[in-house]
Amino acid sequence: MKQRQRHHTGPYDPQTITRAVTHIRLEAANAGKLTALDDLAQVYLALCQQYVTLFCTQERPNKLRAPLFTTPLSERWHRVAIQQAAGIARSWRTNRAQAYQDYADDLLDYQEQETEGTLDAGVQEPAWKEWNVPTLRQTCIQANANVVVLEPSQDSTFDYWLTISTLAFRKQLLVPIKLADYHREALKGKTINSSVTLNKRGDGWWLTLSYDKAVPVHTAPSAPVVGVDVGIANFLTSSDGKHYGTFYGKLRERQKRDREKRRRKAKLRACLKKKGVKKLPSTSSKSGQRLARHVRQSINRAVNQCFTEHPDAQIAYEHLSVATMKYKARAMNAYLYASNLAHIPKQLAWNAAKRGVAAIKVKSAYTSQECSVCHYTARANRSNQQTFCCVVCGYSTHADLNAAINIEHRLGDEELRACRGRKAVKALLMQRHKAWKQQNGWP
Ligand SMILES: [Zn+2]
């Protein structure tokens, strides 16, 4: 089962979570039926791609845009394609804008260090590489009730009938749906959403159904705050000094083995290519995928444990940008680590919604460099990865713990929240440091 949550409510309002029931196989009652679906999908995807490109390059994404391209699809299917394309383009634009902001922050950071003369040897100026427009490779149709209708079956052999409009005018496809016991259990007593997703994987078609559920939040705004720092050495560190999960040890060993295997494979490929061999062994790695799954499971366990041990607290966690993730994952297999790191905040948000706990994102800028006692903010406070040691007041502790305490303090810090960009955050922190020095009679 997959889950999703909606974000348009406040942290103390009831959260609506959408639970998806996946992997429901479309019964191939007769081969011809699903061939009609294949034909439809081909035309649908091509059209959807045209709108994705349009919405990524020329127009703002608009779910209700008037049809522009010609297609053999019905007008209803045409509208569904526009809607899906707008969704894809919107998230692509958001991610690109975020990445560009990260790049701008990186560049600022670089220039700052260059002026200070504190650049590490071998560090290069950040460069921006323009993103490609997304290409729809997988067959995925997000349909609504205008084109696909799900109805309970009166016949006891099947649970539902799926009625799908096809390319042929007024000709509909009737596909029987048989649920597995665990699907039936998951859907018992629920109102199924009218939008459904159809996926083609391998030789089969699969259906995803979903239902909504409202979860009240039981955390009061006055509840104690626990800050949570996200990292590699410790997946989570809470501001009361506990650590949950780690990438080190077993996971890291597996990752090393996997990388070695991929290196050997790449060598083999290069060698075969030289010899003019046409069909080369694939570069994708099964063990790599298994490892990624294993990491996600370890993360889920760590997040679960953290919530279980803080049932009455509200959780503050960082808004992790690509740049922060890269920074945290540096000197390692950046891509693998970074993509896994991104799973942690998602998991935190989901767990909070599911449990009815308030979890609030705060700014991540300088959480690892700011002294949680005197607010002095500098790279020099981090003499190594694990230790934080303030060069002004001498406060010294585990680096992740110092960050978690900063994160805790940032919940409800409206002044900091209002800062636009890293530069403004740093200026504010240094201003607070100055105030701290005056208050404490520091020379
Ligand atoms: Zn300090």
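Everything here concerns the structure above.
Remember, it's a predicted structure, so these values are computed and weren't measured experimentally.

(A) Focus on the coordination of the zinc ion. The coordination sphere of the zinc ion, as far as protein atoms go, consists of Cys-371 (SG), Cys-374 (SG), Cys-390 (SG) and Cys-393 (SG), spread over 2.3 Å. The coordination sphere of the zinc ion comprises four donor atoms, whose angles at the metal cover 103 to 114 degrees; the geometry is tetrahedral. Donor residues binding the zinc ion come from one chain and are separated in sequence as C-x2-C-x15-C-x2-C. Residue Cys-393 is classed as partly exposed on the basis of its relative accessible area of 22%.

(B) Structural context of the nonpolar core. By size, the foremost hydrophobic cluster in this structure holds 44 residues, and its most contacted members are Leu-26, Trp-77, Ile-164 and Leu-198. The element best represented in this core is helix α1 (residues 31-57), accounting for 13 residues. Filtering out sequence-adjacent residues up to four positions away, Leu-198 remains in contact with Leu-26, Leu-37, Thr-139, Cys-140, Ile-141, Val-148, Leu-162, Ile-164, Trp-205, Trp-206 and Leu-207. Grouped together as the second largest cluster of nonpolar side chains are 26 residues, Val-226, Val-230, Leu-251 and Ile-344 included.

(C) Inspection of the pattern of salt bridges at higher detail. According to the stated counting rule, one finds 12 salt bridges in the structure shown. The partner of Asp-181 in a salt bridge is Arg-184, and the shortest N-O contact between them spans 3.3 Å. With Asp-181 and Arg-184 both in helix α3 (residues 181-187) and three residues apart, this pair spans about one turn of that helix. Residue Glu-414 pairs with Arg-417 through a salt bridge whose shortest N-O separation is 3.1 Å. With Glu-414 and Arg-417 both in helix α10 (residues 414-417) and three residues apart, this pair spans about one turn of that helix. Residue Arg-417 is classed as exposed on the basis of its relative accessible area, which comes to 58%. Put simply, Asp-159, Asp-181 and Arg-184 are held in one network by salt bridges that share partners.

Each value, and the rule that gives it
Residues numbered from 1 in each chain as written. Predicted model: local features only at pLDDT ≥ 70, side-chain atom pairs only at ≥ 80, totals over all residues. Heavy atoms only, no water. Donors = N, O, S within 2.8 Å, 3.2 Å for Na, K, Ca; no water. Tetrahedral: all angles 85-135°; square planar, octahedral: opposite > 155°, others 65-115°. Buried < 20%, exposed > 50% of the residue type's maximum accessible area, 1.4 Å probe, protein only. Core = buried A, V, L, I, M, F, W, Y, C linked by side-chain atoms within 4.5 Å. Helix = DSSP H or I, 4+ residues; strand = E, 2+ residues; numbered from the N terminus. Contact = heavy atoms within 4.5 Å. Salt bridge = Lys/Arg side-chain N within 4 Å of Asp/Glu carboxyl O.

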